[in-house]
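# Notes for the structure review
One-letter residues, chain by chain:
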Amino acid sequence: MALELKRFFRLRQQGSQAFRLLSAAAVLAIGVASVCSNVIVHRFYTRWDLTSTGLYTLSPATLATLASLREPVDVTVFLSHGDPLSANVRQLLAAYGGQTHLLRPRFIDPDRDPATFAALHAEYGMVAGKTDDGKVTTDAVIVLAQGKRKWFITPENIVAYNQETGASQPRLEQALTLGLRSLESSEAPHVCLTSGHEELSPDNLGPEGLGAFANELKKNNYDVRAIDLSPPLRKNPLLDCNAVIVAAPERTFTEAAAQSLVAYTASGGRVLAFLPPALEEERVQKSGLEPWLTVLGLKLGQDVVLEGDPELRLPSGIGETFFADTRPHAVTEALARPGSKVQYRLLVSAAQSLASLPGVTPGTLTPLLVTSPAGFSIENPANFTDSARLPTANESSHRGPLTLGFAVEQAVKSSKQSGTSRTVVIGAGNLVWSRAFSDPAWAGNKLLVESAISWLVARPHLVSVPEKAAHPSGLALSEAALSSLFRYVVLSLPISALLLGLAVLFRRKQIEDRSRQSKEAS
């Protein structure tokens with residue numbers, strides 16, 4: 001009997017040791033499997049986009065852009081935790097992060113961390129303020145930074161809202177991919193602003209200055225510099241510029257300055273010129289740019305354009321401030337509202353007409369801005385400054401529709417850029433005022449100027465990222481739906497709760513009666 005007991009305990013001890021060894025092996029196997037699964041997940045990162053519109057599915061253009069990144073990019077997001085855009089930005093940045101490790105996102109809540117926000121606001125030179133309820137706002141909600149180069153993304157770049165249909169269209173992927181491509185460019189394009197002929201000054205931050213436009217260019221990774229063309233020129237200073245802007249000169253260009261533009265255009269240069277009428281002795285004076293305009297096949301009307309259609313002109317004035325129409329071109333495509341055939345409106349003030357020279361075909365001439373058929377122009381606007389009588393079309397030799405702007409493309413023999421020169425000439429100066437970049441009512445003017453710059457230097461606003469489908473914004477309820485909701489909340493829910501309570505009470509009473517009867521029977 002004793003031998004049997006010893007044998008039993010020996011077998012039990014051996015079984016316990018085997019069980020311990022098997023348990024340790026199982027734990028080790030589970031640990032190895034966990035490590036291997038984490039390594040596999042890390043190396044083969046995959047996300048599934050279950051949204052109905054594929055909101056977080058990256059396009060091939062975005063994937064190619066992320067694959068081409070060479071240096072790290074800091075992505076600073078200035079959004080409150082409760083902001084409706086915050087979740088979309090986080091999810092899309094996570095999708096971007098799944099394709100590259102060179103993006104370094106950072107989320108700053110302006111309301112919870114005002115000190116950090118203020119420091120970064122000063123570093124990036126952003127405009128900030130507070131709303132009436134104390135919320136901190138900024139003109140940029142996302143900043144992409146790579147070394148000294150920066151790219152700013154505003155709320156308008158993230159989502160487009162259609163007031164007519166009440167639908168919102170996501171544009172965050174387009175904005176992020178465009179910013180990354182712009183940062184990866186070898187160097188910032190040089191944009192030169194001519195001076196010396198009383199042009200609009202980039203130092204003027206007033207509503208009719210050029211300061212806001214110059215700041216917008218700098219924020220979008222352009223190198224902005226002023227070039228004085230008034231002194232005698234030994235060497236053409238414009239040849240090193242990627243684009244030249246002539247911003248509403250009030251004094252006649254010298255012949256040497258005009259010839260510098262001629263030589264720059266002949267070398268494949270890109271020019272954006274705003275040429276409003278300048279009065280001298282009650283008449284519109286010559287701009288001095290006639291030699292350059294002749295090369296382009298254009299001529300200025302030396303007049304002031306007025307709009308005769310009362311629905312397009314402003315009530316004040318003699319009709320010199322009005323809404324202009326556009327013609328199809330790459331420069332005007334940005335004016336189309338997403339999901340609608342309606343375009344942003346262009347407000348033009350104090351403009352002169354432009355026309356193509358007969359028999360001259362130097363390249364491709366495309367009208368951009370035109371008046372209505374009721375538009376006309378006058379050569380002596382000073383005659384109506386102190387008169388209560390408004391000018392009429394019968395007093396004009398030029399009747400609408402009049403052209404206010406042209407886009408010109410010319411093939412050149414020697415070019416450092418792409419073998420063609422590009423020029424945009426607009427006979428109005430108010431399109432580039434700072435007011436257009438701060439007042440939402442002037443959004444069409446801002447879009448036209450930005451699109452013109454992008455077309456000139458071949459940096460389109462939207463990269464080849466497909467448009468996301470628009471979806472209803474918010475909850476829209478009709479009168480019938482509101483009535484149904486009222487009946488459901490005020491009547492149906494309380495009555496249903498009352499009936500359910502009565503049923504429970506009746507059921508409990510039945511159970512208690514049965515229990516009492518069974519006790520009495522026993």
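Residues numbered from 1 in each chain as written. Predicted model: local features only at pLDDT ≥ 70, side-chain atom pairs only at ≥ 80, totals over all residues. Heavy atoms only, no water.

Pairing is mixed across the open sheet formed by four strands, whose spatial order is β2-β1-β5-β6. Whereas interior strands pair on both sides, the edge strands pair on one side only; in this sheet they are β2 (103–108) and β6 (149–153). Averaged over neighbouring strand pairs, the angle between their axes works out to 15° when direction is ignored. (Pairing = 2+ DSSP bridges. Helix = DSSP H or I, 4+ residues; strand = E, 2+ residues; numbered from the N terminus. Axes fitted to C-alpha atoms, helices over the stretch in contact; angles between N-to-C directions.)

The next subject is unusual backbone geometry. It is generally the case that most residues other than glycine have a negative phi and that most peptide bonds are trans. With a phi angle near 60°, E198 is a residue other than glycine that sits in the positive phi range. Its place among the elements puts E198 in the loop between β9 (190–195) and α7 (211–219). By relative accessible area, E198 is classed as partly exposed at 47%. For Q302, which is not a glycine, the phi torsion comes out positive at approximately 50°. Residue classification places Q302 among the partly exposed residues on the basis of a relative accessible area of 27%. (Buried < 20%, exposed > 50% of the residue type's maximum accessible area, 1.4 Å probe, protein only.)

Another point: the state of the cysteines. According to the stated counting rule, one finds one disulfide in the structure shown. Each sulfur of the disulfide joining C192 and C241 lies 1.9 Å from the other. On the sign convention where negative is left-handed, the bridge of C192 and C241, at about -90° about the S-S bond, is left-handed. Of this pair, C192 sits in strand β9 while C241 sits in the loop between β10 (223–228) and β11 (243–247), placing them 49 residues apart in sequence. Judged by relative accessible area, which is 0%, C192 ranks as buried. (Disulfide = S-S within 2.5 Å.)

This next bit is on the confidence of the model for the protein. Scored by pLDDT, the protein has a mean of 79; 80% of the residues are at 70 or more. Across the protein, strand β12 (residues 270–274) holds the top mean pLDDT of 94, while strand β3 (residues 128–130) sits lowest at 48. Of the regions scoring below 50 in pLDDT, residues 129–137 engages in 15 contacts with residues more than four places distant in sequence or in other chains. (pLDDT = per-residue confidence, 0-100. Contact = heavy atoms within 4.5 Å.)

One open sheet holds the three strands; their spatial order is β16-β21-β22, and the pairing between them is antiparallel. Both outer strands of the open sheet, β16 (304–306) and β22 (398–399), are each paired with one neighbouring strand and no more. Pairing between β16 and strand β21 (residues 376–378): three bridges, direction antiparallel. Bridge pairing in β21 places V304 opposite I378.

A few words on the environment of L312. Mapping L312 onto the fold places it in the loop between β16 and β17 (321–326). As for L312 and T371, which are separated by 59 residues in sequence, their C-alpha atoms are 9.3 Å apart. If we ignore the near neighbours within four places in the chain, the residues touching L312 are E307, F322, F323, R345 and S372.

For the structure on display, the rule yields one cavity of 30 Å³ or more. There is about 100 Å³ of room inside the largest cavity. P249, P276, A278, K286 and S287 are, among the 13 residues lining the largest cavity, the residues nearest its centre. Per-class residue counts for the lining of the largest cavity are six nonpolar, four polar and three charged. (1 Å grid on protein atoms, 1.4 Å probe; cavity = no way out; pocket = protein on both sides within 12 Å on 5 of 7 lines; lining within 4 Å. Points joined across faces, edges and corners; volume = space filled by probe spheres on them. Nonpolar A, V, L, I, M, F, W, Y, C, P; charged D, E, K, R; others polar.)

Summed over all chains, the structure comprises nine salt bridges. Notably, a salt bridge pairs D223 with R225, separated by 2.7 Å at the nearest N-O pair. Given a relative accessible area of 26%, D223 falls into the partly exposed group. Where R422 meets E409, a salt bridge forms, and the shortest distance between an N and an O atom there is 3.3 Å. Taken together, the positions of R422 in strand β24 (residues 420–426) and E409 in strand β23 (residues 403–411) put the pair 13 residues apart, joining distant regions of the chain. Look at the salt bridges and you will find they share partners, linking K509, D513 and R516 into a network. (Salt bridge = Lys/Arg side-chain N within 4 Å of Asp/Glu carboxyl O.)

Orientation of helix α3 (residues 84–97) relative to helix α6 (residues 172–184), taken along the N-to-C sense of each, is 50°, at an axis distance of 11 Å. Between α3 and α6, the angle falls in the class oblique. Crossing handedness for the pair α3 and α6: right-handed. Here N88, V89, L92, L93 and Y96 of α3 lie close against α6, whose contacting residues are L172, E173, L176, T177 and L180. Class assignment of the residues belonging to the contact of α3 with α6 gives a composition of seven nonpolar, two polar and one charged. (Parallel < 35°, antiparallel > 145°, perpendicular 65-115°, else oblique. Left-handed = near helix turned anticlockwise from the far one by under 90°.)

What follows covers the environment of W292. Checked against the element boundaries, W292 lands in helix α9 (residues 290–296). In sequence terms W292 and L261 are 31 residues apart; their C-alpha atoms lie 6.5 Å from each other.

Of all the residues in α3, the buried ones are L85, S86, V89, L92, L93, A95 and Y96. Capping the start of α3, D83 holds a side-chain oxygen 2.8 Å from the backbone nitrogen of L85, two or three residues further along. (Polar contact = N/O pair within 3.5 Å; in protein donor to acceptor, adjacent residues only side chain to side chain.)

With that out of the way, let us pick up the packing of α7 against helix α10 (residues 443–456). It is at 12 Å that the axes of α7 and α10 come closest, and there the two elements cross at 45°. Between α7 and α10, the angle falls in the class oblique. Remark: the crossing between α7 and α10 carries right-handed chirality. Two secondary-structure elements touch here, α7 through F213, E216 and L217 and α10 through K446, V449, E450 and I453. Tallied by class, residues from the contact of α7 with α10 come to four nonpolar, no polar and three charged.

Moving on to α7. Among all positions of α7, only G211, F213, A214, L217 and K219 are buried. The secondary structure elements touched by the buried residues of α7 are β6, β9, β10, β11 and α10.

In terms of nonpolar packing, the biggest core is built from 44 residues, with F213, I245 and V424 touching the most fellow members. At six residues, the largest contribution of residues to this core is made by α10. Beyond its immediate sequence surroundings of up to four residues, F213 is in contact with I245, V432, F437, V449 and I453. (Core = buried A, V, L, I, M, F, W, Y, C linked by side-chain atoms within 4.5 Å.)

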